[in-house]
Structures are given as C-alpha cells and as structure tokens.
Amino acid sequence: MTYTGEVKVGGPADVHELKDLMITKIAVGPMDNNAYLLRCRATDEQLLIDAANEAGTLLGMIGDDGIASVVTTHRHGDHWQALAEVVAATGARTYAGREDTSGIPVPTDVPVDDGDVIRVGNVELTARHLVGHTPGSIALVYDDPHGHPHVFTGDCLFPGGVGNTGNDAQAFARLIQDVETKIFDVLPDETWVYPGHGNDTTLGAERPQLPEWHARGW
C-alpha cells in the first residue's frame, strides 16, 4: 500500500518502506502527537523518535525486538510523556538536543549537537539544531542513498509554517532562519517532511510559502 502519513489517534500506523529503512508512523493522544519507529532493514535495529504518550501503544508498535535508542526532538512535555516507561521496558539509550536536556525529566544519555550523527543499524541520521520553538530542538535528516532525503522536524516545521514561537519576534526570526539555512537551503524539494503533529509534507510544497511566513511573522 502507498504511504500517506495520514494517521489518527486510536487508528493504525502507516509504514513508509524505503530500501534501507522502514519508517512506521503512529499518532497518540491526547495532543495528537506523532511518534516514528525507524528500523534498519539490514540489521533490524530500531530507533524511536518521540516517546510522546501512550506507552502501551508505542511498545506494541516496537514489538519483541525492542529498540536501541529513543530520540526526543525537544523538551515540551507532550513529546516525552511515555519516555520513562519506554526506556524502562527496553533499556534504550536516550538522545536529545543538548540545550533541552535539562527540561526532560528522563536523563539524556547522549546530548546532541548540530551535525551529530545518530545511527540506527547501518543507517545514519544527521541532527540539525533548530532554535526558536525551544532552545534545543533538533531535526533528524536521513539522506537516502537510493532516493530523496527524509527529515523528522519535531515541532519546528509543519505543513503551512514553522513551529510556535509564542509571539516572540526574535524567536520566530531565529527559527525561520535556522529552518531556511539548515533545511530548505541544503535539501531538495523532494525531501519528505515528518512533523511532530499532523500530516506529512515535502519541502517543495512548503518552499513557495516562505515569503508569506516571513511577512506574517509566524
């Protein structure tokens, strides 16, 4: 079946099958968060992006093979409600942006800086530090050698705009600058975007709207 990325709380996961990587997307309540399970097809090692909530749902998706690691995209509470339970059940290493680790109540084993590489089996994900939504938000870029890139943006980029910056003009200016220079300027239009909430998009679908986002200031 064709992957759409359209998932609902209480509904089934959707699976994006790439040559080297399987990406399973699921939505959990109560804030309609997305969680992503990445599985290296060569080694079967797994990594979870955002143990947002509903630990039982996430552990059911993970299955008996467990996970090697969990990446928390940023410190906001709706993205780590299930983290303690998932880590306790799996023994997974924890990763988060260095500047956000103090706001996450589960200890971070590996603080992440811009450009750091996080591995899941043979697959490499490059972290990009994006400031504005939180001080330490990170996106993860998978540059698929067999196709276009894929980027997991947390709450920094969605269909229709960048993440919430609380009407702080300086925070918005920093976030849109980081999103432009570290995401839009270096990745092609075909890049698939997996956000922390809601439907997926592509950079090509969003790029024409950048001037509008600048003008409106959010």
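My aim in this report is to walk through the structure given alongside it, one point at a time. Position numbers for residues start from 1 in each chain and track the written sequence from start to end. Given that this is a predicted model, residues contribute local features only at a pLDDT of at least 70 and side-chain atom pairs are listed and counted only at 80 or more, while totals for whole chains, interfaces and linings are drawn from all residues. Processing note: side-chain calculations cover all non-hydrogen atoms of the structure and skip hydrogens and water entirely.

## Here we look at the sheet that holds strand 10 (residues 138–143)
In this scheme, strands are said to pair when DSSP sees at least two bridges between them. Put simply, DSSP marks the helices as runs of H or I at least four residues long and the strands as runs of E at least two long, and each gets a number from the N terminus on. As summarised here, the arrangement of the six strands in space is 8-9-10-11-14-15, forming an open sheet in which the pairing is mixed. Here the strands that pair on one side only, and so sit at the sheet edges, are strand 8 (117–120) and strand 15 (201–202). Bridging between strand 11 (residues 149–154) and strand 14 (residues 192–195) involves four bridges; their strand directions are parallel. Looking at strand 14, one finds that His150 is bridged to Trp192.

## Regarding empty space enclosed by the protein
Think of a 1 Å grid over just the protein atoms. A cavity is a set of points where a 1.4 Å probe fits yet cannot get out, a pocket is an open set with protein on both sides within 12 Å along at least five of seven lines, and lining residues have an atom within 4 Å of a point. Grid points are joined across faces, edges and corners, and a volume is the space filled by probe spheres set on the points. Following the criterion strictly, the structure yields one cavity of 30 Å³ or more and no others. Counted as a void, the largest cavity has a volume near 30 Å³. As for the largest cavity, its lining consists of Asn34, Tyr36, Ile49, Asp50, Thr73, Phe152, Thr153, Gly154, Tyr194, Pro195 and Gly196. Under this grouping Gly is polar, as are all residues other than the nonpolar Ala, Val, Leu, Ile, Met, Phe, Trp, Tyr, Cys and Pro and the charged Asp, Glu, Lys and Arg. Looking at the lining of the largest cavity, its residues break down into five nonpolar, five polar and one charged.

## Remarks on the sheet that holds strand 2 (residues 21–28)
With mixed pairing, seven strands are arranged side by side in an open sheet as 1-2-3-4-5-6-7. Both edges of this open sheet fall to strand 1 (14–17) and strand 7 (110–112), since each of them pairs with a single strand only. Shown here is a sheet whose adjacent strand axes are inclined to one another by a mean of 20 degrees, direction ignored. The pairing of strand 1 with strand 2 spans four bridges and is antiparallel. Residue pairing for strand 2: Val15 is matched across the bridge by Thr24. Here, residues are in contact when the closest pair of their heavy atoms is within 4.5 Å. Between the N-to-C directions of two axes lies an angle of 0 to 180 degrees, each axis being a line fitted to C-alpha atoms and, for a helix, fitted only over the stretch in contact. Contacts between helix 1 (residues 55–62) and the sheet are confined to strand 2, strand 3 (33–40) and strand 4 (46–49), with strand 2 contributing the most and set at about 160 degrees to the helix. Contacting strand 4, strand 5 (69–72) and strand 6 (93–97), helix 2 (residues 83–90) runs over the sheet at an angle of about 165 degrees to strand 5.

## Let's talk about the side chain of His150
Among the secondary structure elements, His150 is positioned in strand 11. At 2.8 Å, the side chain of His150 forms a polar contact with the side chain of Tyr194. In this structure His150 touches His16, Leu18, Ile23, Leu140, Val141, Tyr142, Asp144, Thr191, Trp192 and Tyr194, once residues within four positions along its chain are discounted. Within 3.5 Å is the distance limit for a polar contact, defined as a pair of N or O atoms, with the added protein rule that one can donate a hydrogen and the other accept it, and that residues adjacent in sequence qualify only through two side-chain atoms.

## A few points about the pattern of salt bridges
One speaks of a salt bridge when a side-chain nitrogen belonging to Lys or Arg is within 4 Å of a carboxyl oxygen belonging to Asp or Glu. One pass over the full model with this rule turns up 11 salt bridges. The salt bridge involving Arg119 is made with Glu124; its shortest N-O contact spans 3.1 Å.

## Quick word on the packing of helix 1 against helix 2
Orientation of helix 1 relative to helix 2, taken along the N-to-C sense of each, is 40 degrees, at an axis distance of 9 Å. Looking at the two axes, helix 1 sits oblique to helix 2. Between helix 1 and helix 2 lies a crossing of right-handed hand. Across the interface between the two elements, Ala55, Leu58, Leu59 and Ile62 from helix 1 touch Glu85, Val86, Ala89 and Thr90 from helix 2. Considering only residue class, the contact of helix 1 with helix 2 consists of six nonpolar, one polar and one charged. Note that the term roughly parallel is reserved for angles under 35 degrees, roughly antiparallel for angles over 145, roughly perpendicular for angles of 65 to 115, and oblique for everything else. Crossings are classed by handedness, with left-handed meaning an anticlockwise turn of the near helix from the far one by less than a right angle and right-handed meaning a clockwise turn.

## With respect to helix 1
Relative accessibility decides the category of a residue: with a 1.4 Å probe and only protein chains considered, values under 20% of the type maximum give buried, values over 50% give exposed, and everything between is partly exposed. Those residues of helix 1 not exposed but buried are Ala55, Leu58, Met61 and Ile62. Down the axis of helix 1, the sector holding all buried residues measures 130 degrees, keeping them to one side. When the buried face of helix 1 is taken as reference, the exposed residues oriented beyond 90 degrees from it are Gly56 and Gly60. Contacts made by the buried residues of helix 1 are with strand 2, strand 3, strand 4 and helix 2. Regarding the arc, it is the one traced by the directions from the helix axis to the C-beta atoms.

## Regarding the packing of aromatic side chains
Pairing of aromatic rings covers Phe, Tyr and Trp, the last through its six-membered ring, and needs centres within 6.5 Å; plane angles under 30 degrees mean stacked, over 60 mean edge-to-face, and all others mean tilted. Inspection of the entire model under this criterion finds seven aromatic pairs. Ring plane angle 70 degrees and centroid distance 6.3 Å describe the contact between Phe184 and Trp213, whose orientation is recorded as edge-to-face. Here Phe184, found in helix 3 (residues 169–184), pairs with Trp213, found in helix 5 (residues 210–216); they are 29 residues apart in sequence, far enough to count as distant. Residue classification places Phe184 among the buried positions, given a relative accessible area of 2%. Chaining the aromatic ring pairs together yields one cluster made of Tyr3, Tyr36, Phe152, Trp192 and Tyr194. Residue placement shows Arg216 over the ring face of Trp218; its charged tip is 3.7 Å from the ring centre. The rule for a charge over a ring is simple: NZ of Lys or CZ of Arg within 6 Å of the ring centre, and within 35 degrees of the ring normal.

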